[in-house]
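# Chains, contacts and geometry: an overview
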Amino acid sequence: MKEVWTFGSVVSLLGALAFLQSVLHSVLPHELRHVVAKFVQRIFNNFSAYCYFDITEIDGVSTNELYGAVQLYLSSSASVSASRLSLSRPVNSSAFTFGLSNNDRLIDSFAGITAIWEHVVTQRSSPSFSWRSLPDEKRSFTLRIRKKDKPLILPRYLDHIMEVAADIRRRNQDRLLYTNSRCGSMDARGYPWESVPFKHPSTFDTLAMDPIRKKDIIADLRRFAAGKSFYQKTGRAWKRGYLLYGPPGTGKSSMIAAMANFLGYDIYDLELTEVQTNSELRKLLMKTTSKSIIVIEDIDCSVSLTTRGSSPHAAANPATCSMDDIFISPASAAVSTKSVTLSGLLNFTDGLWSCCGSEKIFVFTTNHVEKLDPALLRSGRMDMHIHMSYCSFPALKILIRNYLGISEDELENGKENDILIRELEAAVEAAEITPADVSEVLIKSKRYEKRKAMEELLNVLKGKAAGRRCGGAAGASLGSKEAEEEEEQEKRALDSPKEENSEDFEQVCDKKQGKKTELEGQILEKEE
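Residues numbered from 1 in each chain as written. Predicted model: local features only at pLDDT ≥ 70, side-chain atom pairs only at ≥ 80, totals over all residues. Heavy atoms only, no water.

### A short note on the overall build of the chain
The helix and strand inventory of the chain stands at 20 helices and 18 strands. Expressed as a percentage of contacts within the chain between residues at least 6 apart in sequence, the contacts between residues at least 24 apart total 67%. Of the roughly 30400 Å² of accessible surface on the chain, a fraction of 54% belongs to carbon and sulfur atoms. (Helix = DSSP H or I, 4+ residues; strand = E, 2+ residues; numbered from the N terminus. Contact = heavy atoms within 4.5 Å. Areas by Shrake-Rupley, 256 points an atom, 1.4 Å probe, with all protein chains shown as cover.)

### Details of the pairing of strand β9 (residues 176–180)
Of the strand pairs in this sheet, β9 and strand β10 (residues 193–197) are connected by five bridges, and their pairing is antiparallel. Note on β10: the bridge partner recorded for Leu177 is Val196. Across three bridges, the pairing between β9 and strand β12 (residues 266–269) is parallel. If you follow Thr179 over to β12, its bridge partner there is Asp269. (Pairing = 2+ DSSP bridges.)

### Focus on the packing of aromatic side chains
Using the criterion set out here, one finds eleven aromatic pairs in the structure. For the pair Phe224 and Tyr231, a centre-to-centre distance of 6.0 Å together with 80 degrees between the ring planes defines the contact as edge-to-face. By the burial criterion, Phe224 is buried, and Tyr231 matches it. Seen in terms of ring centroids, Phe230 and Tyr231 are 5.5 Å apart; in terms of plane orientation they differ by 80 degrees. Their pairing is edge-to-face. Given the relative accessible area of 43%, Phe230 is considered partly exposed. Aromatic ring contacts, followed pair by pair, group Tyr67, Tyr73, Phe110, Trp117, Phe141 and Tyr157 into a single cluster. (Phe/Tyr/Trp six-rings, centres within 6.5 Å; stacked < 30°, edge-to-face > 60°. Buried < 20%, exposed > 50% of the residue type's maximum accessible area, 1.4 Å probe, protein only.)

### Focus: the sheet that holds strand β6 (residues 105–110)
Ordered by their spatial adjacency, four strands build an open sheet running β1-β8-β7-β6, and the pairing between neighbours is antiparallel. With partners counted over all chains shown, the strands left at the sheet margins are β1 (50–56) and β6, one partner each. Neighbour-to-neighbour, the strand axes of this sheet turn through a mean angle of 25 degrees, independent of strand direction. Summarising the sheet, β1 and strand β8 (residues 137–146) pair through seven bridges and their orientation is antiparallel. Among the inter-strand pairings, Tyr50 is bridged to a residue of β8, identified as Arg146. Here helix α5 (residues 156–172) sits on the sheet in contact with β6, β7 (113–123) and β8, set at roughly 105 degrees to β6. (Axes fitted to C-alpha atoms, helices over the stretch in contact; angles between N-to-C directions.)

### Considerations on the packing of helix α6 (residues 211–225) against helix α8 (residues 252–263)
Where α6 contacts α8, the axes come no closer than 11 Å and their chain directions differ by 45 degrees. By the angle class used here, α6 and α8 are oblique. α6 and α8 meet at a crossing whose hand is right-handed. Within the contact between the two elements, α6 uses Ile217, Ile218, Leu221, Arg222 and Ala225 and α8 uses Met255, Met259, Phe262 and Leu263. Partitioning the contact of α6 with α8 into residue classes produces eight nonpolar, no polar and one charged. (Parallel < 35°, antiparallel > 145°, perpendicular 65-115°, else oblique. Left-handed = near helix turned anticlockwise from the far one by under 90°. Nonpolar A, V, L, I, M, F, W, Y, C, P; charged D, E, K, R; others polar.)

### Focus: the pairing of β6
Two faces make up the sheet, and in a regular strand the side chains alternate between them. Only one face of β6 is covered, namely the one carrying Leu106, Asp108 and Phe110; the face carrying Arg105, Ile107 and Ser109 has none of its residues buried. Taken together, the six bridges between β6 and β7 define a ladder with antiparallel strand orientation. The partner of Ser109 across the bridge, within β7, is Thr114. Between β6 and β7, which pair antiparallel and follow one another directly, the connecting turn spans two residues, one of which, Ala111, has a positive phi of 55 degrees.

### With respect to the environment of Val295
Positionally, Val295 belongs in strand β13 (residues 292–296). In the structure, Val295 is positioned 39 residues away from Ile256 in sequence and 8.2 Å away in space, judged by C-alpha atoms. Once you skip the residues sitting within four places of it in the chain, Val295 turns out to touch Ile256, Ile267, Tyr268, Asp269, Leu270 and Val363.

### Describing the sheet that holds β13
Strand order in the open sheet formed by seven strands is β10-β9-β12-β13-β17-β11-β18, and the pairing between neighbours is mixed. Only two strands of the sheet have a single neighbouring strand rather than two, namely β10 and β18 (384–387). Recorded for the sheet is a direction-independent mean angle of 20 degrees between the axes of neighbouring strands. Sheet analysis places strand β11 (residues 239–245) next to strand β17 (residues 360–366), joined by seven bridges and oriented parallel. Residue pairing for β17: Arg240 is matched across the bridge by Ile361.

### Focus on the packing of helix α9 (residues 278–286) against helix α11 (residues 342–350)
Closest axis-to-axis distance for the α9/α11 pair is 9 Å, and the angle between their directions is 15 degrees. Comparing their axes, α11 and α9 come out roughly parallel. Read as a crossing pair, α9 and α11 show a hand that is right-handed. Seen from α9, the contacting residues are Asn278, Leu281 and Leu285; seen from α11, they are Gly344, Leu345 and Phe348. A class-by-class count of the residues in the contact of α9 with α11 yields four nonpolar, two polar and no charged.

### Overview of the nonpolar core
Membership of the largest hydrophobic core comes to 28 residues, with the highest contact counts inside it found for Phe204, Met255, Met259, Ile293, Ile361 and Val363. Counting residues per element, the ones that place at least two in this core are α6, β11, α8, β13, β17 and β18. Looking at which element gives the most residues to this core, the answer is α8, with seven residues. Those residues in contact with Ile361, other than ones at most four positions away along the chain, are Leu221, Phe224, Arg240, Tyr242, Met259, Leu263, Tyr265, Ser292, Ile293 and Ile294. (Core = buried A, V, L, I, M, F, W, Y, C linked by side-chain atoms within 4.5 Å.)

### Regarding unusual backbone geometry
Here the amide bond leading from Leu154 into Pro155 is cis, since omega sits at 5 degrees, within 30 degrees of zero. One can find Pro155 in the loop between α4 (150–153) and α5. Phi at Lys291 takes a positive value of approximately 55 degrees, unusual for a residue other than glycine. Backbone geometry places Glu359, a non-glycine residue, at a positive phi of 55 degrees. Within the fold, Glu359 resides in the loop between α11 and β17.

Structure below.
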């Protein structure tokens, strides 16, 4: 006869088991109960098909990095598969992070193998004495996988978790803009870089540049970011160098910001005038992080230059020197033992020290590429040379779209704008105007309606073109060679602490004002 379990019999059995447990607790001492529990657990583990891994939040006296990585890794799956979630926003993060709630579970899959995660939170028993304050709750993740799957996914699964977590952390965190501390001074942590949040809005969509050239640059950046295995296979350091050259105002700084926003990298803006020795330059490189862009702007005029093997008399006169070997600190008027050499700069970009960290981009900018030493320009140091030229018609259309809100379709297919667009295309080529100057005109024209603003821009472009025809390319164009040289003289006069340079700066200003007055007179005379 088959035995039937009624509700009453089940309750009676549970009561008997509870009574037996209480008797055992009262009869058996605590130590013996602990031994019995461990023995039973060991027998259970031997017969169980699963193995368990505990990942605690605090490992001894330090924070467990793997715990934070698992928390970030599971956040991407928890937001769609779990029913109860914890929500947080870490410091310096631009995104919210989902996580498993207390004692909740989540099923993950890696390489076709199932892994079960459980977030275990228990109250921590207060110790009698502790030199370090601990949280009231003890948190950990428990990973459960089948024993037969253990050699198949470990440690590959944990490495995958660390990589995904690092990528999530990088995408969520606010990017930073670093600059080296004055004269190599260190902060309280021994760190030579000072940082501020990087909020530059420039993107490749807003960058005024020929679309075909932009696609080439974007494709090159994508290949670099996804090329870890390629660089390892070929035995190359995972880094790449870019040289941005062209007249002032053509968007070199905006290009750097667009690259950083596209890749999600931090920027280290290296000020060479604050670096006094090669050793200091190496220390700065060692303190940069992976996934970063290291920038040296205006490399041709940020420091005084001397010729390789030149005499002290030549070194004292930077105007007669070319860029070959030694960068002399502006703080010293003559050759000094405290100097950054070309050899030190080359090792910084392509030597053994350049391999510190990985996934780094070096960007140099200059207005005059012909002034740079050929050793800096070769592949391996400056791999890709990008010419930032005057505003072309495709770049002009991007600026009109950005500032006036006129779509590409309106510019291409608008019947009422056909003649105006053709005139703009002809005028912008003849004007040789920089994107910065076009942007300023469009900002001032925003008070007009769209067509009126474009007509105003056309008038300015025609005026620039007429000025170039009347005064010559050297005197009328804002981006002409002579204007660029005068701008660099101004920069050197402002940067140099010497009193005699103040007279040079006044002479530069008087010279520019005289040329401007002469040019205006020529234009008025021609118009009359």
